[in-house]
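Examining the three-dimensional arrangement
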Amino acid sequence: MFWMFGIHLAVADRLAYTESVGASILDVVQSQNGRKVALLESGSGAVLELSTLDWSYESWAPCTGVGGIVYVDNTLYAGCADGQIKEYGAQSSENSEAGDTLSIDGGAILSLNHKDGVLYVLAENPNGGNPRVHALELSSGTERSGGYPSTLGYSAFEDADIVGNFLIVTQSGNAVSKVDLPSGGATRNNNQGPTAVKLG
């Protein structure tokens, strides 16, 4: 039991890896096998894919205005300002060019999340108004209907993540929306939540 206490007090004595990039990092996502980490740079629209095996990295500029990145079965996807979703790194990183392109019937993509073969795409509403959540079936490349796209109750966007069967979207200050993934039903917190919510 004493050795567990000693481990708890242990401090790392060296840094495994450090890298400097030219812009701030907006998002970091890990591949399912843990061998890759993708970093979304602010402003440049560049995505850096870092190997955790040898610390090498590749830069990928899939489009202008990258608004979200996500790994699905170790394949990296990036959402673009034109409503397209670009695919990169299908199982092998030898191909450094963008692969397949998917698209939604919406505006600029703000974030991408994945669960059970479905990409949940938060995008600006092309007709104006609040952002909408689209459910895109990866197997067919088609959007779900019957509840989707689902319009959120607030206009701003900060961050989004899937928790259980819900997409939780922080929007500004203490505004939070929750989308039920099976139905697409969206609810909001009516400004009763904590302030400055950030998902980790």
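Residues numbered from 1 in each chain as written. Predicted model: local features only at pLDDT ≥ 70, side-chain atom pairs only at ≥ 80, totals over all residues. Heavy atoms only, no water.

1. Some words on the overall build of the chain
Filter applied, for reference: In this description a helix means any DSSP run of H or I spanning at least four residues, a strand means any run of E spanning at least two, and both kinds are numbered starting from the N terminus. Three exposure classes are used, based on accessible area relative to the maximum for each residue type with a 1.4 Å probe and protein chains only: buried under 20%, partly exposed in between, and exposed over 50%. Note on contacts: a residue pair is in contact if any heavy atoms of the two residues lie within 4.5 Å. Accessibility throughout is a Shrake-Rupley quantity obtained with a 1.4 Å probe, and a residue counts as covered only by protein chains that appear here.
Secondary structure summary: the chain contains one helix and 17 strands in total. Residue burial in the chain is summarised as follows: out of 200 residues, 40% are buried. Contacts in the chain between residues far apart in sequence, at least 24 positions, make up 36% of those at least 6 positions apart. When the accessible surface of the chain is split by element, carbon and sulfur atoms take 49% of a total near 10,800 Å².

2. A word on the environment of Asn113
Mapped onto the elements of the fold, Asn113 is located in strand S9 (residues 109–115). When the C-alpha atoms of Asn113 and Gly68 are compared, they prove to be 8.4 Å apart, with 45 residues separating the residues in sequence. When neighbours within four sequence positions are excluded, Asn113 is seen to be in contact with Val70, Val118, Leu119, Tyr120, Ala160, Asp161, Ile162 and Leu167.

3. Remarks on the nonpolar core
The condition that has to hold: Note on terminology: a nonpolar core comprises buried Ala, Val, Leu, Ile, Met, Phe, Trp, Tyr and Cys residues joined through side-chain atoms within 4.5 Å.
Grouped together as the largest cluster of nonpolar side chains are 14 residues, with contacts concentrated most on Tyr120, Val133, Tyr148 and Leu167. Every element with two or more residues in this core is listed here: strand S10 (118–123), strand S11 (132–137), strand S14 (159–163) and strand S15 (166–172). Among the elements that line this core, the one with the most residues is S10, at three residues. Tyr148 has contacts with Tyr120, Val133, His134, Ala135, Val179, Asp180, Leu181, Ser183 and Gly184, leaving out every residue within four places of it along the chain. Val29, Ala38, Trp60 and Leu76 belong to the second largest nonpolar core, which has 13 residues in total.

4. Observations regarding the pairing of strand S3 (residues 47–51)
Counted only if it meets this: Strand pairing is assigned whenever DSSP detects at least two bridges linking the two strands.
The element S3 is extensively covered by neighbouring structure, given that five of its five residues are classed as buried. Direction of pairing for strand S2 (residues 36–41) relative to S3: antiparallel, over a ladder of five bridges. Bridging from a neighbouring strand, Leu40 pairs with Val47 of S3. Connecting S3 to the next strand, strand S4 (residues 57–60), in antiparallel fashion are five residues, including Trp55 with a positive phi near 65°.

5. Section: the sheet that holds strand S5 (residues 68–72)
Quick note on the threshold: Note on geometry: axes are lines fitted to C-alpha atoms, helical ones only across the stretch in contact, with angles between N-to-C directions running from 0 to 180 degrees.
Pairing is antiparallel across the open sheet formed by four strands, whose spatial order is S5-S6-S7-S8. Whereas interior strands pair on both sides, the edge strands pair on one side only; in this sheet they are S5 and strand S8 (101–103). Strand after strand, the sheet turns through a mean of 25° between neighbouring axes, direction not considered.

6. Remarks on the environment of Tyr77
With respect to the helices and strands, Tyr77 occurs in strand S6 (residues 75–79). A relative accessible area of 9% places Tyr77 in the buried class. Sequence separation between Tyr77 and Leu119 is 42 residues, and the spatial gap between their C-alpha atoms is 9.6 Å. If we skip the residues at most four places from it in the chain, Tyr77 touches Gly68, Ile69, Val70, Val72, Ile85, Lys86, Glu87, Leu102, Leu112, Leu119 and Leu138.

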